[in-house]
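Remarks on the overall topology
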Amino acid sequence: DPRLLQRLSGKRVLLVDDVISTGASARAGLALLNAAGVTPIALLVAMAQGDRWQPASIPVRAVFATPVFARTPAGWAVVPGTAFNPLPRIAGEG
C-alpha cells in the first residue's frame, strides 16, 4: 500500500516469511522493499529448507532448518551441499 511507505522511511525493517525453499517469495519481498527504498536488516523464517536460496545482501535467521532430501533406491537421502549454514550475527543483535 503506497500510503504506508512513509511509515517505513528511516526504520529498521525485518522481512519475515514462514518457509523458505527456493527463495521466490523472499526475493519478491526484497524486491518490493527495494522498490520502496527500504533495505531490511535481515530475513527471518520459521523453516529454512536447504541453502540454495540464500540472498547475499542480508543475514538470514531460521527457527529451524532442514537439508533438501531426494528419493534414492535405499530411501530418502540428503542432497549433498544443501545444509543450511548459519550466517554472521546481525548488527546490533544482543
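From a predicted model like this one, the values you see are computed outputs, not experimental measurements.

Cut-offs and rules
Here the residue numbers are simple positions, counted from 1 along each chain's written sequence. Local features in a predicted model are, by the rule used here, given only for residues with pLDDT of at least 70; side-chain atom pairs are given and counted only at 80 or more, and totals for whole chains, interfaces and linings are based on all residues. Note that water and hydrogens are dropped before the side-chain values are worked out from all heavy atoms of the structure. Helix and strand assignments follow DSSP, with helices taken as H or I runs no shorter than four residues and strands as E runs no shorter than two, numbered in order from the N terminus. Under the scheme applied here, a residue whose accessible area is under 20% of the maximum for its type counts as buried, over 50% as exposed, and between as partly exposed, the area being computed with a 1.4 Å probe on protein chains only. Every residue pair with non-hydrogen atoms within 4.5 Å of one another is taken to be in contact. Areas reported as accessible are Shrake-Rupley estimates using a 1.4 Å probe. Residue values count occlusion only from the protein chains shown. Think of a 1 Å grid over the protein atoms and nothing else: a 1.4 Å probe that fits but is trapped marks a cavity, an open set flanked by protein within 12 Å on at least five of seven lines marks a pocket, and residues with an atom within 4 Å of a point count as lining. Grid points are joined across faces, edges and corners, and a volume is the space filled by probe spheres set on the points. For this classification, Asp, Glu, Lys and Arg are treated as charged, while Ala, Val, Leu, Ile, Met, Phe, Trp, Tyr, Cys and Pro are nonpolar and the rest, including Gly, are polar. For two strands to pair, DSSP has to find at least two bridges joining them. Residues grouped as a nonpolar core are buried Ala, Val, Leu, Ile, Met, Phe, Trp, Tyr and Cys residues, joined through side-chain atoms within 4.5 Å. On a scale of 0 to 100, pLDDT captures the predictor's confidence in every residue.

Right, let's talk about the overall build of the protein chain for a bit. Helix and strand counts for the protein chain stand at two helices and five strands. Mapped in sequence order, the helices and strands of the protein chain form the string α-β-α-β-β-β-β. When the 94 residues of the protein chain are sorted by exposure, 27% land in the buried category. Pairs at least 24 residues apart make up 51% of the contacts formed inside the protein chain by residues separated by at least 6 positions. A total accessible area of about 6300 Å² is found for the protein chain, and carbon and sulfur atoms account for 60% of it.

For the rest of this paragraph, the subject is the layout of surface pockets. The calculated volume of the largest pocket comes to roughly 170 Å³. Lining the largest pocket are Asp1, Pro2, Leu4, Leu5, Leu8, Leu32, Leu33, Ala35 and Ala36. Secondary-structure elements contributing two or more residues to the lining of the largest pocket are helix H1 (5-8) and helix H2 (24-35). In terms of residue count, H2 provides more of the lining of the largest pocket than any other element does, three residues in total. Split by residue class, the lining of the largest pocket holds eight nonpolar, no polar and one charged.

Walk down a regular strand and you will see the side chains alternate between the two sheet faces. Taken together, the four bridges between strand S4 (residues 69-72) and strand S5 (residues 75-78) define a ladder with antiparallel strand orientation. Of the residues in S5, the one forming a bridge with Arg71 is Trp76. Here S4 folds back onto S5 in antiparallel fashion, the turn holding two residues.

Core analysis: the biggest nonpolar cluster contains 13 residues, and Leu15, Ile20, Leu33, Leu43, Val45, Ala48 and Trp53 have the highest contact counts within it. Looking at this core, the elements with two or more residues in it are strand S1 (14-20), H2 and strand S2 (42-49). Among all residues touching Leu33, those that are not within four sequence positions of it are Leu8, Val13, Leu15, Val38 and Pro40.

Let's shift gears to the pairing of S1. One ladder, built from six bridges, connects S1 with S2; its direction is parallel. Along S2, the bridge assignment pairs Val16 with Leu44.

Here the focus is the confidence of the model for the protein chain. Model confidence for the protein chain is summarised by a mean pLDDT of 81, while 85% of its residues fall at 70 or above. Per-element averaging of pLDDT across the protein chain places strand S3 (residues 60-66) at the bottom with 83 and S4 at the top with 92.

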